[in-house]
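Here is how the chains run, residue by residue.
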Amino acid sequence: MSKTDRRSMEVQSQIEEHTNISTQYLNPSPIHGLWALTNRDLRKWYTNPFQLFMSLIQPIIWLGLFGKALDFGAIFSSSAPQLSGAIVSSVFGTGSYFSFLAAGMLTFVILFTAMFSGMSIVWDRRFGFLNKVLTTPVARGSIVMAKVLSSVGRSLVQAVIVLMIAVLLGMDTSKMTLLGVAGTFAAMFLMAIGLSSLFVMLALRSTDWQTQMAIMNLLNLPLLFASNALFPSKFMPEWLQYIVKVNPVSYATDAARQLLLGSAGMASLSYDFSFLLGFAILFSLIGIVMSWKYLTK
Amino acid sequence: MISDAYSADHGYDSNIIEVKGLSKHFGKLKAVDGITFQVKEGEIFGFLGPNGAGKTTTINMLTTLLPPTSGEARVCGFDIRKEANEVRKRIGVVPQEYTADEDLTGMQNIMLCGELYGIKKSEIERRARELLELVDLADAADRKVSSYSGGMRRRLELAAGLVNSPRLLFLDEPTLGLDVQTRTAVWEYIRELKEEYNMTLFVTTHYLEEADSLCDRIAIIDHGKIVKIGSPSELKSGLGGDVIQLTLDDSSDLTEAISRISLVKEVKKSDSSYRIKAERGEEAAPLIIELIRSRGMHVKTIALTKPTLDEVYLEYTGRAFRDDEEPSKVWAQRMTMRRARA
């Protein structure tokens, strides 16, 4: 292409641009850019085979090692063989500790993925990408919600894998229905929104990934242990039970056990879902409102 | 005219940036301390100063990244605090650091930017190709950014800053850390882009020769305050003009006679050489030579020096431009800023 050709093409496009100016400043929808940003984060995950592999292998290892090593049922069957079945089902609400734990492992994997949603905003800040995004007219709330949604997407995919592996490794499927599985993932979805919002919100001002790691570790294990995910809360000391009862991880796990295993729940299903819905709405709103003030350079 | 309609529509006449008493304090540190200036539509406005003078903080405020502590500013006719989103729609920003996502290709980066501006999907791809063509990255469009060289990344940043066809482009140290050849190339792109899109450019730099040759007007900022503002030639002539140095083959005193030439402002003699300050040195020099010949003497050597921005800078800040401040001081200041932000 000759230089003059290129010139004339450019002049042409310049004219087009000027005629476009009026349409370009039309207000785009308030959530424009939300999907683009979410997709950017998801793409980083699914186009990086190693990351994808690692995030899938981790729950499998946990489930396999943790679930099979801590076979509480075996304690009873070795000491009181004739009573063990009854004891196990009264303690865990299902036929084996493994099935009990599998439901808890679903929430566990979501908690772990949500934890890293904050980390990703810290990296974006450090690598300058966030600064670029902040100069565009994209809603600050969309920047936060994109992090939340990409984390939710990732964690739900991992939860699906965990459930499949759990079934393969011997989780009780006798009471599993399609509706129950769908309901379980609805509960997981709500918990993931709330938890991811929480971790993103804590990372809004941070440029320091070490601080972020410390915060993650500080919150992560208490959220896990002060819940019914690994052990039934009714055997915990009373003060701990109060914490369990305000911990969203407990309600997501409780809903999953009722829907997948038909266990008697800690609370009614409708209470579980109301709690999780409230948690998700409250924390995503706080996250959005905080982004207006704190998501600056 | 489209541009007239545009200006009228958006409530500003010729000043695309209006800044009044703008300040930003980080704790006790006054990073920007009550600056006031205007930028006219269509000009290249240079913001010049040493590290830590407040250049980037000013850009961050004008591009709505940082809320000011006090004062006000209107960019493209909109208040940077109350109408931040309207400002964002109309400006392009090329920050100091690389901001592209390394895991994505050049093309994907530009497309993502386009989506963040809410440009229609059908439009974005055409526009991204066009921009990458413009900055000569068409061949590398589908490569991951992590494989780009420094110069390529700079050009990609430029393209990303142009996605929304801004009327005003902010460039923060666009050539920082680039070698001389790449710097020249980047400036060529910038100049070309400005002509192509008829944009206003707001550039910060600490390369004096760049500011001198490119900017229509320059503001010198130091310790958060604007110490001088004007066109490069205004700033330089403010120094008292050009310097002519002469050596004669005779030591008789001509000071008196030379000072009578109208362009000459100041004459200093030592032995048989003279140091003469004059306006329009290239016109004054022949007059001086003629005078000397008419007295039957001869000029052995002559040199004409035009003042550089280096000298302007020295004059107004009392520091040589190239002497970086004591590093420890700059460092302490940066740390204060970081702490105040956290």
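Predicted model only: the values in this text are computed from it and were never measured.

As for the overall build of chain B
No. 1: In terms of helices and strands, chain B carries 13 helices and 14 strands.
No. 2: The buried share of chain B, taken over its 342 residues, is 42%.
No. 3: Within chain B, counting contacts between residues at least 6 apart in sequence, those at least 24 apart form 68% of the total.

Quick notes on the overall build of chain A
No. 1: Each helix and strand in chain A was counted, giving 13 helices and zero strands.
No. 2: Order of helices (α) and strands (β) in chain A, N terminus to C terminus: α-α-α-α-α-α-α-α-α-α-α-α-α.
No. 3: Principal-axis analysis of the C-alpha atoms places the extent of chain A at approximately 95 × 40 × 35 Å.
No. 4: Nonlocal contacts in chain A, meaning residues at least 24 apart in sequence, comprise 81% of its contacts between residues at least 6 apart.

A look at the sheet that holds strand 4 (residues 70-75) of chain B
Residue and element names in this part refer to chain B.
No. 1: Overall, antiparallel pairing links the four strands, which are arranged 2-1-4-5 in an open sheet. Taken across any chain shown, the strands that pair with only one partner, and hence form the sheet edges, are strand 2 (29-40) and strand 5 (78-79).
No. 2: Across eight bridges, strand 1 (residues 15-26) lies against strand 2 in antiparallel orientation. Bridged to Glu18 within strand 2 is Gln38.

Examining the sheet that holds strand 7 (residues 168-172) of chain B
Residue and element names in this part refer to chain B.
No. 1: The six strands lie next to each other as 6-7-8-3-9-10, forming an open sheet whose pairing is mixed. Looking at strand neighbours, the two that pair on one side only are strand 6 (91-94) and strand 10 (225-230), the edges of this open sheet. For this sheet the average axis-to-axis angle between neighbouring strands, irrespective of direction, equals 15°.
No. 2: The sheet contact formed by strand 3 (residues 44-48) and strand 9 (residues 217-222) spans four bridges and is parallel. When the bridges of strand 9 are listed, Phe45 appears paired with Arg217.

Structural notes on the interface of chain A and chain B
No. 1: Across the contact, 27 residues belong to chain A and 31 residues belong to chain B.
No. 2: Contributing elements (two or more residues each) for the side of chain A that touches chain B: helix 1 (3-24), helix 2 (34-46) and helix 7 (129-134) of chain A.
No. 3: The leading source of residues in the side of chain A that touches chain B is helix 1 of chain A, at seven residues.
No. 4: Here the residues of the side of chain A that touches chain B are counted per class, giving nine nonpolar, 11 polar and seven charged.

Points about the nonpolar core
When a protein is soluble and globular, its nonpolar side chains tend to lie buried together.
No. 1: Ranked by size, the top nonpolar core spans 147 residues in total, and within it Leu106(A), Ile110(A), Met191(A), Val75(B), Ile110(B) and Ala159(B) carry the most contacts.
No. 2: In terms of residue count, the dominant contributor to this core is helix 6 (residues 97-126) of chain A (17 residues).

What about the packing of helix 9 (residues 178-202) of chain A against helix 12 (residues 248-261) of chain A?
All names here are of chain A.
No. 1: Running from N to C, helix 9 and helix 12 cross one another at 175°; their axes reach a closest spacing of 8 Å. Relative to helix 12, the element helix 9 is oriented roughly antiparallel. Contacts between helix 9 and helix 12 involve Gly180, Val181, Gly183, Thr184, Ala187, Met188, Met191 and Gly194 from the first element and Pro248, Val249, Ala252, Ala255, Ala256, Leu259 and Leu260 from the second.
No. 2: Residue composition of the contact of helix 9 with helix 12, grouped by class: 11 nonpolar, four polar and no charged.

Side note on the confidence of the model for chain A
No. 1: Mean pLDDT for chain A: 85, with 91% of residues reaching 70 or above.
No. 2: Mean pLDDT across the elements of chain A ranges from a minimum in helix 1 of chain A, with 47, to a maximum in helix 9 of chain A, with 96.

Side note on the pairing of strand 9 of chain B
All names here are of chain B.
No. 1: By the bridge criterion, five bridges tie strand 9 to strand 10 in an arrangement that is antiparallel. Within the sheet, the bridge partner assigned to Ala219 lies in strand 10 and is Ile229.
No. 2: Between the end of strand 9 and the start of strand 10, which pair antiparallel, lie two residues, with His223 showing a positive phi angle near 50°.

Notes on the packing of helix 3 (residues 49-69) of chain A against helix 6 of chain A
Residue and element names in this part refer to chain A.
No. 1: Running from amino to carboxyl end, helix 3 crosses helix 6 at an angle of 150°, the nearest separation of the two axes being 10 Å. Taken together, helix 3 and helix 6 sit at an angle that is classed as roughly antiparallel. Note on packing geometry: the crossing formed by helix 3 with helix 6 is right-handed. Listed contacts from helix 6 to Pro59, Trp62, Leu63, Phe66, Gly67 and Lys68 of helix 3 are Phe98, Leu101, Ala102, Met105 and Val109.

Description of helix 5 (residues 121-134) of chain B
Residue and element names in this part refer to chain B.
No. 1: Between its terminal C-alpha atoms helix 5 stretches 20 Å, which fits the 20 Å expected from 14 residues at 1.5 Å a residue.
No. 2: Within helix 5, the full set of buried residues consists of Arg127, Ala128, Leu131, Leu132 and Leu134. The arc that holds the buried residues of helix 5, viewed along the axis, is 145°, so those residues lie on one side. For helix 5, the exposed residues lying more than 90 degrees away from the buried face are Ser122 and Arg126.
No. 3: Along its buried surface, helix 5 packs onto helix 4 (106-116) and helix 6 (150-161).

A word on the confidence of the model for chain B
All names here are of chain B.
No. 1: Summary statistics for chain B give a mean pLDDT of 84 and a share of 89% for residues scoring 70 or more.
No. 2: Helix 1 (residues 2-9) is the least confidently modelled element of chain B, averaging 43 in pLDDT, while strand 4 averages 95, the highest of any element.
No. 3: Taken as a whole, residues 1-11 scores under 50 in pLDDT and shows eight contacts with residues more than four places along the chain or in a different chain.
No. 4: Here residues 321-325 scores under 50 on pLDDT; set against residues more than four positions off or in separate chains, the count is seven contacts.
No. 5: The complex prediction reports pTM at 0.81, with the ipTM value standing at 0.80.

Remarks on unusual backbone geometry
Residue and element names in this part refer to chain B.
No. 1: Phi is positive for Cys76, close to 55°, though the residue is something other than glycine.
No. 2: Overall, Cys76 belongs to the buried group, with 24 C-beta atoms counted inside 10 Å.
No. 3: Even without a glycine there, the phi angle at Arg280 is positive, about 40°.
No. 4: Relative to the helices and strands, Arg280 resides in the loop between strand 13 (273-278) and helix 11 (281-294).

About the thresholds
- Residues numbered from 1 in each chain as written.
- Chains lettered and ligands numbered in written order.
- Predicted model: local features only at pLDDT ≥ 70, side-chain atom pairs only at ≥ 80, totals over all residues.
- Helix = DSSP H or I, 4+ residues; strand = E, 2+ residues; numbered from the N terminus.
- Buried ≥ 20, exposed ≤ 12 C-beta atoms within 10 Å, placed from the backbone.
- Contact = placed C-beta atoms within 7 Å.
- Pairing = 2+ DSSP bridges.
- Axes fitted to C-alpha atoms, helices over the stretch in contact; angles between N-to-C directions.
- Nonpolar A, V, L, I, M, F, W, Y, C, P; charged D, E, K, R; others polar.
- Core = buried A, V, L, I, M, F, W, Y, C linked by C-beta atoms within 7 Å.
- Parallel < 35°, antiparallel > 145°, perpendicular 65-115°, else oblique.
- pLDDT = per-residue confidence, 0-100.
- Left-handed = near helix turned anticlockwise from the far one by under 90°.
- Expected span 1.5 Å × (residues − 1).
- Arc of directions from axis to C-beta.

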